[in-house]
Every structure is written in structure tokens, then in C-alpha cells.
Amino acid sequence: MCNPFIAFFVVCFINLISLLNLSAQDQQYSKSLHIDDKPPNVIFMIGDGMGLTHITAGMYSQKNTTALEKMEFIGLQKTHSHNQLITDSAASGTAMACGQKTYNGVIGIGPQNEQLESILEYCIKKDYNTALIATSSIVHATPASFYANVTSRREYENIALQLRYHDVNYFIGGGQKHFNRRDDKRNLLTEMEDDGYILVNNLSDYVDANNEKLGYFTYSDEPPRINEGRKPQLEELVSATLEKLENTKKPFFVMIEGSQIDWGGHANDVPYIISEFKDFDKAIESSLEFAKDNGNTLVLVTADHETGGFAIEKGNLKRGSVSGDFTTIGHSGSMVPVFSYGKNADLFKGIYENTAIFDKLKTAVGE
Ligand code: MG
Ligand code: ZN
């Protein structure tokens, strides 16, 4: 009597189990089907003032190699601003970050006085996590182009105020004094901490901190040159940040600036340019490693303009020595290269205006 009864339940039980298994498999299957539709991560790297000669000098000085040789596609961008053939970093930063040519000196505002939305802000709307890393102060023109709207790049305290209210998750850079030693006597550091930010002053605290909003001020003022002891290396900042971003499981957008390649150009100082390029190149290397392992990441490396009108005149490949000359202590008008690798990297081949970087990035993350 009992046996068929038990057998009935056993059969039912087995059916139930296999049903559950099937639906679990179904779920896994549909997940893996959509894996390619996941919005890609973006690592956008800007070597400020990094023309082709700066890259070449850096390459020859480190045994004729650069991480850029691993890039898949190469393009060229035209850097002229709205009103001048020779751009500054505010107008070119705005062009790449926000897709509009504007007046030199202006950040995040178009020539008709329109407030512009940056690609970083566009990504936030798409539920991305975001980060900004610079080897200058964090309120300098290039990083500011991604979060601020000001008519003059010199409004550092106003730019700091705009970062204080922004939704960027992680930032690293100098310029803490613009937050806590201000004309208006406000202490933006305590204000930000009250709003849930964790703010730190060294790499190990940055690595240890586990918070959705995290800022690391490397220096109170502008950071020094790498060959005068700036610490940490850019590569360390990048690795620590990429690890955090990867752990959040959301897609991410990060802008990384090798800020002082430009300052070496302004100083017409070849060793300064080369040492800053090397610091930047190592960060490119680890970004590429990350992208290779991750498989759903776009790495973009470019400059905002060329600085110095730099040309190489002499050198020795074996000794890795390079010397050259400059046509200006300002910026020059030559096009600058764009290197891309990974997800949707092919979008960046060809010759185009600097504003197209914004449009292409928008396409790359999915409009
Ligand atoms: Mg800059
Ligand atoms: Zn400059």
C-alpha cells in the first residue's frame, strides 16, 4: 500500500527538483546572453599638452617602448577653440568633456552662455560610478571640465564649491586649500564629510576606505613635479581606483590626467616632459592590463593640445637620451593623437574635431 504512495511523492519531488534546476539554468543562460549588452567601462586618459613629440621623446628615453604601442586604433583630433586657433586647456577640456567648442578660459559653458552637461554627468544618469584623478589640483581646468560650469578657469573656489555638491564618487588630486582655506571662510571638507564623503590624505587610507563617495587630496596646493618627489605615482592611484570601481559591480567612467606633461612643455624642459610622460605611461600600462582582463572596458588616451611646439633634434637610442627645441612657451596648434583599446575602440579612428570625442564616448556607452 505504502510503496506506490511513496513512489508517487518521490517522482513528484524529483520533478520539482528538475523544474527548479531548469529555471536556475534558464536564469544563468539569459544572464550570459545579455552579458554583451552590459554598458562598457570607460577609462579616459588625458596627457595635458602631450603632442606626438612628447610621446616620442618619452618612448626613446625608455628603451624605445611605450604602453601606447599596445593600443588598437589611432586617430587625430583638431584642437582649435571656438574663437582661437590655439586652444587652452579649459576650452579643449570642455570640448572633449561636453562636446562644445567654447572660448579659451571657459569651463563647461558654451559660446551662447549655455550650461553644458559633461560625459561624466551623462554617465551618472546612466547609473555609472565615476572617478577623477589628476596630477595637478583637482580644481584645475582639465578635471574641472568634467564637473564644473564657470566663465573663468581661475575661479578655483567656485570650482571647488561645485565639486562639493557634485555626484562624482571618487576623486584624487591636489588643491585642498581651495576647500578649507577660502575667502568665504567656509570649510568644504567638513561640509562634504557631513554629507557622507570620506576625505583622506594618503594612499593607504584611500585604499582602506570603503565608501560610495571618497576624496583623496594629495597636496594642499599644486602637486610638485614627479622628478622633484611627487608621490604617489599616478599608476598607484589608478590601480587603487580601478580596484574600487570594479568592486562596485556597476559600470564606471574614470578620467585620468597626466597634468604636468603640459607644465614641462611650458617650461621648455625636456627632462620634465619625459619624467611626467613616464609616470603617465605606467598608468596607461595598468589601465590596459585592467581592460584586457575585464573584457568590457574602453581605454582612450589623448591630449587636449600640444605644448611648446616641441621638436626632437638630437639623441642617442642606446643611452636613451633625447634633446630638442621649442617654438613657444605656450601651446601650439597641431592636431594631437587619440589612441583607443577595447570595447567600441574602433569608433575613435580617423580625423575629427575634439568635440567628437564627447559624441563618440556617448555612442560607446550607449545613447
Ligand atoms: Mg590640465
Ligand atoms: Zn598649458
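Structural data are supplied above this passage.
Residues numbered from 1 in each chain as written. Chains lettered and ligands numbered in written order. Predicted model: local features only at pLDDT ≥ 70, side-chain atom pairs only at ≥ 80, totals over all residues. Heavy atoms only, no water.

1. Description of the packing of helix H10 (residues 234-247) against helix H12 (residues 270-294)
At a minimum axis separation of 8 Å, H10 and H12 run at an interaxial angle of 25°. With respect to each other, H10 and H12 are oriented roughly parallel. When the axes of H10 and H12 are compared, the crossing they make is right-handed. Residues Leu-234, Glu-235, Val-238, Ser-239, Leu-242 and Glu-246 of H10 touch H12, and the partners they reach there are Asp-279, Phe-280, Lys-282, Ala-283, Ser-286, Ser-287, Phe-290 and Asn-294. Of the residues belonging to the contact of H10 with H12, the class tally is six nonpolar, four polar and four charged. (Axes fitted to C-alpha atoms, helices over the stretch in contact; angles between N-to-C directions. Helix = DSSP H or I, 4+ residues; strand = E, 2+ residues; numbered from the N terminus. Parallel < 35°, antiparallel > 145°, perpendicular 65-115°, else oblique. Left-handed = near helix turned anticlockwise from the far one by under 90°. Contact = heavy atoms within 4.5 Å. Nonpolar A, V, L, I, M, F, W, Y, C, P; charged D, E, K, R; others polar.)

2. Quick look at the side chain of Glu-276
Turning to its location among the elements, Glu-276 is positioned in helix H12. A polar contact is formed between the side chain of Glu-276 and the backbone nitrogen of Ile-226, at a distance of 2.9 Å. Among the polar contacts made by the side chain of Glu-276, one reaches the side chain of Arg-230 at a distance of 2.8 Å. Every residue in contact with Glu-276, bar those within four places of it in the chain, is listed here: Arg-225, Ile-226, Arg-230, Gln-260 and Ile-261. (Polar contact = N/O pair within 3.5 Å; in protein donor to acceptor, adjacent residues only side chain to side chain.)

3. Points about the nonpolar core
Counting residues in hydrophobic clusters, the biggest one holds 51 residues, and the most contacted among them are Phe-44, Leu-132, Phe-146, Phe-171, Phe-179, Phe-253 and Leu-361. Residues within four places of Phe-146 in sequence aside, it is in contact with Phe-44, Ile-46, Ala-97, Ser-118, Ile-119, Leu-120, Glu-121, Leu-132, His-166, Phe-253 and Met-255. Core analysis: the second largest hydrophobic core is formed by 47 residues, Ile-172, Ala-209, Leu-242 and Ala-303 among them. (Core = buried A, V, L, I, M, F, W, Y, C linked by side-chain atoms within 4.5 Å. Buried < 20%, exposed > 50% of the residue type's maximum accessible area, 1.4 Å probe, protein only.)

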